[in-house]
Structures are given as structure tokens and as C-alpha cells.
Amino acid sequence: MPDRQRYPTDLTDKQWALVEPFVRASHCGPQEVLHPRREVVNAILYIKRTGAQWRYMPHDLPDWRIVYHYFARWKVPVRSST
């Protein structure tokens, strides 16, 4: 992980081992990882726990636009009960 202080919402190594298979980069060929998936997940958890607005995400986490992009891509659609 990058050199930054941990937030209480950051995943432990054990938690990350469970989550990682679900958020890996696509297998469409070699990619440069610009935004480590673990940091993106940590940022999503920070927003979820604190209730902060996306634009108020701390600067030591990935840019809020990148994090929101992954959040929107990974979220599970809510099914209507009608």
C-alpha cells in the first residue's frame, strides 16, 4: 500500500484476501495499474462509513472521480419489489 496513515475503515490483509478476487483488473491483456484496487475499495469503505460526499474524500486516497467510477461499475443493482 502507498505510504499513508491507515484509516479505521481500511481493509486488513485478511479482509483484502477475501475481496480481491471480486475486484481484479480485467483479463483483456496487460494493463498498467494506475489505481490499486485495494486503495479504491478502501476509499469506497471510507465514504460508506463516514457519510462524506465524494468530493470531500481525503487527498491521500485516490481521486474521488476514479473511486466513484469503480463504485458505479461494481455496485449491485437494486431490484424492484413490484
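Described in the following lines is the structure provided in the data block. The structure presented is a predicted model; accordingly, all values stated were derived computationally and were not measured. Throughout this document, residue positions are counted from 1 along each chain, in the order its sequence is written. Given that the model is predicted, a residue must reach a pLDDT of at least 70 before its local features are reported, and side-chain atom pairs must reach 80 or more before they are shown or counted; all residues, however, enter totals for whole chains, interfaces and linings. Water and hydrogen atoms were dropped before computing side-chain values, which therefore reflect all heavy atoms in the structure.

Brief notes about the packing of helix α2 (residues 37–50) against helix α3 (residues 64–74)
Okay, so step 1: To get an axis, a line is fitted to the C-alpha atoms, and for a helix only the part in contact is used. The angle between two axes follows their N-to-C directions and goes from 0 to 180 degrees. Each helix is a run of DSSP H or I of at least 4 residues and each strand a run of E of at least 2, with the numbering of both proceeding from the N terminus. Between α2 and α3, whose axes approach to 9 Å, the crossing angle comes to 85°. Classified by the angle their axes make, α2 and α3 are roughly perpendicular. Contact with α2, carried on its side by Arg 37, Val 40, Val 41, Ala 43 and Ile 44, involves Val 67, Tyr 70, Phe 71 and Trp 74 of α3 and no other residues of that element.
Okay, so step 2: Classification used: nonpolar for Ala, Val, Leu, Ile, Met, Phe, Trp, Tyr, Cys and Pro, charged for Asp, Glu, Lys and Arg, polar for all others including Gly. Its residues assigned to classes, the contact of α2 with α3 shows 8 nonpolar, no polar and 1 charged. Geometric relationships in this document are graded by angle, where less than 35 degrees denotes roughly parallel, more than 145 denotes roughly antiparallel, 65 to 115 denotes roughly perpendicular, and other angles denote oblique. Contacts are residue-level and defined by heavy atoms, with any inter-residue pair within 4.5 Å sufficient.

Some words on the packing of aromatic side chains
Okay, so step 1: Ring geometry is summarised as follows: Phe, Tyr and Trp rings, the Trp one being its six-membered ring, pair when their centres sit within 6.5 Å, and such pairs are stacked at plane angles under 30 degrees, edge-to-face over 60 and tilted between the two. Under the defined criterion, the tally for this structure stands at 5 aromatic pairs.
Okay, so step 2: Where Tyr 68 meets Phe 71, the ring centres are 6.0 Å apart and the plane angle is 40°; that geometry is what we call tilted. Residue Tyr 68 and its partner Phe 71 are both found in helix α3; the two are separated by 3 residues, about one turn of the helix.
Okay, so step 3: With a 1.4 Å probe rolled over the protein chains alone, any residue whose accessible area is under 20% of its type maximum counts as buried; one over 50% counts as exposed, and the rest are partly exposed. Phe 71 gets classed as partly exposed once you look at its relative accessible area, which sits at 30%.
Okay, so step 4: Three or more aromatic residues joined by ring pairs form one cluster here, namely Trp 54, Tyr 68 and Phe 71.

Examining the side chain of Arg 38
Okay, so step 1: Within the secondary structure layout, Arg 38 lies in helix α2.
Okay, so step 2: Here the side chain of Arg 38 touches Leu 11 through a polar contact of 2.9 Å, landing on its backbone oxygen. Polar contacts, as used here, are pairs of N or O atoms within 3.5 Å; protein pairs need one atom able to donate a hydrogen and one able to accept it. Residues neighboring in sequence count only if both atoms are side-chain atoms.

Brief notes about the environment of Glu 20
Okay, so step 1: Looking at the secondary structure, you find Glu 20 in the loop between α1 (13–19) and α2.
Okay, so step 2: With a relative accessible area of 33%, Glu 20 lands in the partly exposed category.

Some thoughts on the pattern of salt bridges
Okay, so step 1: We define a salt bridge as a side-chain nitrogen of Lys or Arg found within 4 Å of a carboxyl oxygen belonging to Asp or Glu. One pass over the structure, following the stated rule, counts 4 salt bridges.
Okay, so step 2: A salt bridge links Glu 39 to Arg 4; its shortest N-O distance comes to 2.8 Å. Of this pair, Glu 39 sits in helix α2 while Arg 4 sits in the segment before α1, and the two are 35 residues apart along the sequence.
Okay, so step 3: Looking at Arg 4, the relative accessible area reads 16%, which means it is buried.

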